[in-house]
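Below, each chain spelled out in residue letters.
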Amino acid sequence: MQQTTKRSPIAIVGLGTMFAGRGTTAGFWHDIVEGLDTTREIPETHWRIEDFYDADPSARDKTYSRRGGFIPHFAFDPIKFGIPPQVVETTDTVQLLALYVASKVLEETQPTQGYVDPMRTSVILGVAAGTELIGDMASRLNRPIWMKAMLEQGLAKEDAEEICNRISNHHPEWRESTFPGLLGNVVAGRIANRHNLGGSNFTTDAACASSLAAVRYAVQELWLHDSDMVITGGADALNNIFMYLCFSKTPAISKTGLCRPFSVDADGTIMGEGCGIFALRRLEDAERDGNEIHAVIKGIGSSSDGCGASIYAPKSSGQAIAIGRAYEAAGYSPRTVELMEAHGTGTRVGDVAEFEGLNSVFKEASPEERGWCALGSVKSQIGHTKSAAGAASLAKATMALRHKVLPPTINISKPNSKLNIKESPFYLSGIARPWVRGKKHPRRASISSFGFGGSNFHLTLEEYVGSGGRPDRYRIAPSELHLYAADSAEELAETIRSNLKNCKKINAFSHSALESQRSFDATKPHRASIVATSSTDLDTHAEKVLKVIEARFPTVAESFCYANQTAQVQGKTAFLFSGQGSHYVGMGADLALHFNCARSPWDFAADYDFLGTAKLHEIAFPASAYDDDTRRTQSARLNQTENTQPAIAVVALAHLRMLQALGIKADCMAGHSFGELMALHAAGSLSERNTVQLARLRGLACAAASSESQGTMLAVFANKETIEKYVEDLGKKIVIANENTCEQLVLAGERNNILQAQEVLGKHGVKTSELPVSAAFHSSLVAQATEHLVDGIDKCELNAPRMPVYSNKTTTLYPDNTRETRKLLAAQLANPVRFREMIENMYNDGVRTFIEVGPSNVLSRFVSSILGKKSHLVVALDNKRRRGVTAANSAIGALCVHGYEMNLEALWSDTFPEAPQPKPSNHELMLNGANYHKPYPANAISFNDPGFDNRSTLRVLLECTAVTAPVSTVERALATTSTISAANDAIANQVLDIV
C-alpha cells in the first residue's frame with residue numbers, strides 16, 4: 001500500500017469542451033442527456049471515403065470504417081488571438097482548438113473577490129506526440145519518390161514536374177511558423193504564450209490516458225504549491241487517414257459503425273476528436289477567492305501494467321492497482337460512488353478486462369450488495385477521442401455532479417454476459433435519470449482511463465457542497481414554453497412572427513423562450529402559448545396558432561393555446577390529486593431531471609427510515625431494463641401498493657414544489673382515492689414527511705387486505721344503468737367502487753365474480769379492462785384495512801385541513817375538526833369513490849379551473865367528460881404519453897393564457913439559456929478538426945472572392961503585418977490588387993515601411 005498524507009481537495013473552477021455534436025460546452029451536456037449518437041460519416045475535410053474505404057479489414061492501405069465523431073465548424077478569429085492569418089495554415093488545428101477552448105475557460109474562471117497570479121498559473125495538457133501537420137509536411141518531402149516513379153513510367157520531365165507541383169499544392173509550404181505549428185508540446189505553450197502565463201507549461205503523452213495523466217500532474221503541481229491555478233485536460237484532432245489505419249490494422253474499430261461499451265454485441269470503438277479543458281485550484285483558495293466550483297477532485301491513482309501479454313493488451317490487475325490507490329488517496333470507499341465513467345472503448349477484450357479490474361475493487365468494498373453504481377462510457381456518443389478521452393469523461397462526470405443527473409450510455413442492446421453484471425456492484429443505464437441522494441454523503445463519481453503501453457489512471461471526485469459559489473446549470477430542457485400577449489389579434493399575430501424571426505436570427509431557442517416569457521403580460525386581452533422542442537417545432541406550432549388567432553377561435557391544445565377576452569375563465573381554482581392506477585414506470589423522472597425543486601422531495605425521501613430498504617426513486621424510475629423479465633419485475637415492484645402509494649406521493653410533492661415556486665395557489669383541494677391523502681397534505685393537514693409515511697402505511701394496509709382476499713377491480717366503459725342491467729344477477733357480489741364519469745365506472749369484488757361480470761358485459765359489447773390492482777379497493781372486501789389505517793393516521797398526526805378539501809365518500813367538504821377528519825379518511829378506503837358527483841358539487845360551488853397534480857392525466861380526462869361544454873379549464877402537470885417537462889409547460893402555458901399571473905422566473909431557477917450565437921464575421925476562419933487549407937495557393941487569396949470583405953482584409957494587414965500607413969493608401973492598394981502578397985508589394989512600393 002502506498003503511503004499518503006492528507007492533501008487539499010482540488011476544485012474544478014472552470015470547464016470548457018468542444019466535441020462532436022452541438023460543439024459547445026452546453027451542447028456537449030445536452031447531447032449526453034438526450035442520449036444522442038453524434039457520430040457520422042467521414043467528412044471530406046478529413047479524407048475521402050472513396051479513396052480509403054474497403055469493407056474488407058485485410059485490404060491493403062484501406063480502412064473498413066467510414067464513421068467517426070467530428071467536431072462541427074467553429075468560427076476562429078486569428079486576430080483576437082494575435083495570430084497572423086497566414087500562420088493558421090502552418091499551425092496544426094489541435095493547437096488552435098485548445099487555445100480557443102482554454103481561452104473561454106480562462107474568461108469564465110476569474111474569481112469574484114480574489115486574484116490569481118498569471119505567473120503562478122500553469123498549463124499541463126494531454127496530447128498526442130504526433131500531429132496531422134507532421135504528416136502533411138512529411139508528405140511534401142516525398143517529391144523525389146513521386147518524380148522517380150513518374151519518370152520510370154515514361155512521363156516527360158516537364159509533365160512530371162507539373163504533376164509534382166500540383167501534388168505539393170495540396171500541402172502547406174514550409175515557413176518559419178511550420179516547426180512550432182506541428183509540435184505537440186506547443187498545444188500547451190501557445191495557451192501560455194497568448195495569455196502570458198508564467199507557471200509550468202508542458203504536455204503529457206500516455207496514449208489514450210494522456211488527459212488524466214495531465215490532470216494527475218496538474219493536481220500534484222497544486223499539492224506542491226508550485227502553482228495557484230492549472231489549466232489542464234486534453235485535446236486531440238488527429239483523425240486523418242493515418243490514424244484510421246492505425247486503429248483499423250490493430251484492429252480496434254467497430255465494423256458495424258457503433259461504439260457499444262459493455263454490450264453483448266460490442267465489436268470495437270469509433271474514432272473521435274475534440275478538446276476538454278479544466279481550470280483547477282486548491283479548494284480552500286477557490287472558496288476564499290470566490291470562484292464558482294463545478295466539482296471537487298478527491299483522489300487520483302495511477303499504475304503501470306508491468307509485464308503483460310503484449311504492449312497494448314489491457315491488464316485488469318494493473319488497472320485495479322490504480323483504482324485502489326485513487327480511493328486510498330480520496331479517503332472513502334468505492335461503496336459511496338454511484339457513477340463510474342469507464343474508459344469503455346467498446347472492444348470485447350478491453351471492456352471485459354476493465355470491468356474485471358473495477359469489479360475486483362468495488363465488490364471488495366461491499367461483497368453482498370449489488371447494482372449500486374451506474375457504469376457507462378461517453379465514447380458511445382462521441383467516439384474515442386484518444387488523447388482527449390479522459391477529458392471527455394471528466395467533463396461528463398463533472399457536469400453529472402453539477403446537474404445532479406445520472407447520464408446514459410447508449411447503443412447497448414444487452415449487457416455482455418461475460419461481465420455477469422447482475423452479480424456485481426454495477427448496472428448499465430441507457431437513459432438519463434435524476435441523481436437522487438440523501439444527506440449521508442455527497443454525490444460521488446469516478447473516471448478511468450487507460451493507454452497503450454500499460455498506463456492506468458483512475459480519478460474520483462464529488463459534488464461541491466460547501467458554502468462557496470456554484471455555477472448555474474446548463475439549460476437542456478426537452479421543450480420550452482413561448483408566451484405572447486397583445487391588445488389585438490392582429491398585434492398578437494405580429495408579435496409571434498417577430499419572435500420567430502428573432503429566434504432564427506440569434507440562433508438561440510431557449511433564449512427566445514425566456515425573452516417571450518419576460519415580455520408576457522397576462523392582463524392583455526389576447527394571449528397565446530406554444531410549447532416546442534426546437535426552432536423547427538416552434539415554426540410548425542406557430543402556423544397552427546396563427547390560424548386560430550385569425551379565426552378568433554379560443555383553443556386549448558397539447559402544444560399551443562389561444563385565448564381572448566371572451567375565453568377568460570372566472571371562478572375558483574382546485575388542485576386535483578391523482579390516485580393509484582395513474583402510476584407508471586418512469587413517472588416523475590423528467591421533471592426531477594431538469595428542475596431542482598422537483599428533485600428535492602426525492603432526495604428527502606431517500607433518507608426516510610420508515611421506508612425500510614425501499615428506495616422510491618429506484619422504484620419509480622429504475623435503470624434501463626434490457627430484457628422482458630427485468631421490465632416485468634420493475635413493473636411488479638411499482639405495482640406493490642406499499643411502493644405505489646408513497647411513490648405517487650413524492651411525484652405529487654414535486655409538482656406542489658413547482659406550483660409553489662411559480663406562485664400558483666388553489667382555493668380548494670380534492671383527490672381520487674389515494675389522492676385524497678395528498679389533498680389533505682396540500683391543505684395543511686400533514687407535513688411532507690408524515691404524508692409519505694402515511695402513504696406507506698396506507699399501502700401496507702392495502703397490501704395486507706390483498707393477502708386476505710382474492711378481490712380485484714374492473715374498469716367498465718358504460719353508464720351505471722347499463723351495468724346494473726347486465727350484471728343484475730350478481731347482486732351484492734360486486735359493487736360500483738368508482739363512478740369516475742357518466743360513462744366510466746369501476747367494479748370491485750372477488751376475482752371470480754369480476755371475471756364473470758366481464759364475460760357478461762363483453763357479450764353485450766361493453767368494453768372493459770381489468771385493473772392492475774392487488775385487491776377490491778373501495779368495497780367491503782378491504783374493510784379490515786381500515787383498522788390498520790386508523791393506527792397509521794393517528795401515528796402520523798393527521799389534523800383537520802386548513803382550507804377546503806372535498807371528500808370522495810361524501811362528495812362534500814371535510815369537517816374542520818381533527819377527530820372527524822381522521823375518521824373520514826380511514827373510512828374512505830372501504831367506501832365507493834363518487835368522483836363524478838364530487839366534481840359536479842365543486843363546479844356548483846364555483847370551481848372553474850382544475851389543475852391535476854401527480855402522475856398521468858387520468859383525472860383531467862374525467863373532468864372534461866363530466867363537465868362537457870360547461871365553461872371550465874382543466875390542465876394536468878403530467879402526461880404518460882409525453883415528457884414530464886413538456887406536459888408541465890403545456891399546463892403552465894394554458895394557465896398563463898387564461899389570465900393566471902405567476903412567477904415565470906422560477907422556470908429558470910439555477911439555469912441559464914444558451915447565449916445568442918452571432919454570425920461569424922468575414923475575417924473569422926471556419927475551422928473544424930482537420931487542418932485548415934486556404935482555397936487558393938499560398939499568398940494568393942483573391943479579394944474578388946464572393947463574400948470576401950476588403951475592410952476585413954485591411955484589418956488583417958494593419959494588425960498582423962504591422963502596416964503603418966494611412967487607411968486610404970491601403971484601401972487604394974487593395975482596390976488595385978488581387979492578392980495579399982501583391983497588396984503588400986503595392987503598399988510597400990508606395991509609401992509604407994512594412995515591419
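Our structure is the block above this text.
Since we're looking at a predicted model, the values are computed, not measured.

A.B. asks: What am I meant to see in the layout of surface pockets here?
C.D. replies: A probe matching the size of a water molecule, rolled over the atoms, marks out where space remains unfilled. In this structure, the second largest pocket encloses a volume near 1,400 Å³. For the lining of the second largest pocket, the elements supplying multiple residues, two or more each, are β13 (426-428), β14 (433-434), α22 (616-620) and α23 (628-639).

A.B. asks: What is the right way to look at α23 in this model?
C.D. replies: One turn of an α-helix holds 3.6 residues; hence residues three or four places apart share an orientation. End to end, α23 covers 16 Å across 12 residues, agreeing with the expected 16 Å (1.5 Å per residue, within 8%). The N-capping residue of α23, defined by a side-chain oxygen 3.1 Å from the backbone nitrogen of D629, is D627.

A.B. asks: What's the story with empty space enclosed by the protein in this structure? I'm lost.
C.D. replies: Enumeration over the complete set of coordinates arrives at 3 cavities of 30 Å³ or more. Counted as a void, the largest cavity has a volume near 90 Å³. For the largest cavity, the full set of lining residues is V33, H403, V405, R473, Y474, R475, I476, A477, L593, H594, F595 and T911. Those elements giving two or more residues to the lining of the largest cavity turn out to be β17 (473-474) and α20 (589-594). Residues that form the lining of the largest cavity fall into these classes: 7 nonpolar, 3 polar and 2 charged. Approximately 60 Å³ is the volume found for the second largest cavity. Lining the second largest cavity we find D92, V94, V127, A128, G130, T131, E132, A235, D236, A237 and L238.

A.B. asks: Help me understand the side chain of H458, please; the structure alone is not making it clear to me.
C.D. replies: Tracing the backbone through its elements, the reader meets H458 in strand β16 (residues 455-462). Given the relative accessible area of 0%, H458 is considered buried. A polar contact of 2.7 Å, which involves the side chain of H458, links it to the side chain of S448. Discounting chain neighbours no more than four positions away, the residues touching H458 are G299, I300, G301, A322, I323, A326, Y327, M340, L358, S446, I447 and S448.

A.B. asks: Can you help me understand the sheet that holds strand β18 (residues 480-486) in this one?
C.D. replies: Strand pairing in a sheet takes place through backbone hydrogen bonds and is either antiparallel or parallel in direction. Strand order in the open sheet made by the 4 strands is β18-β19-β21-β20, with antiparallel pairing throughout. Bordering the open sheet on either side are β18 and β20 (555-556), each of which pairs with just one other strand. Where β18 and strand β19 (residues 526-532) come together, 7 bridges link them in antiparallel fashion. Within β19, the position partnered with Y484 by the bridge is A528. Its contacts with the sheet place helix α19 (residues 535-550) against β18, β19, β20 and β21 (560-563), and it is angled at close to 155° to β19. The strands touched by helix α33 (residues 884-897) within the sheet are β18, β19, β20 and β21, with β19 carrying the most contacts at an inclination of about 175°.

Conventions and cut-offs
Residues numbered from 1 in each chain as written. Predicted model: local features only at pLDDT ≥ 70, side-chain atom pairs only at ≥ 80, totals over all residues. Heavy atoms only, no water. 1 Å grid on protein atoms, 1.4 Å probe; cavity = no way out; pocket = protein on both sides within 12 Å on 5 of 7 lines; lining within 4 Å. Points joined across faces, edges and corners; volume = space filled by probe spheres on them. Helix = DSSP H or I, 4+ residues; strand = E, 2+ residues; numbered from the N terminus. Expected span 1.5 Å × (residues − 1). Polar contact = N/O pair within 3.5 Å; in protein donor to acceptor, adjacent residues only side chain to side chain. Nonpolar A, V, L, I, M, F, W, Y, C, P; charged D, E, K, R; others polar. Buried < 20%, exposed > 50% of the residue type's maximum accessible area, 1.4 Å probe, protein only. Contact = heavy atoms within 4.5 Å. Pairing = 2+ DSSP bridges. Axes fitted to C-alpha atoms, helices over the stretch in contact; angles between N-to-C directions.

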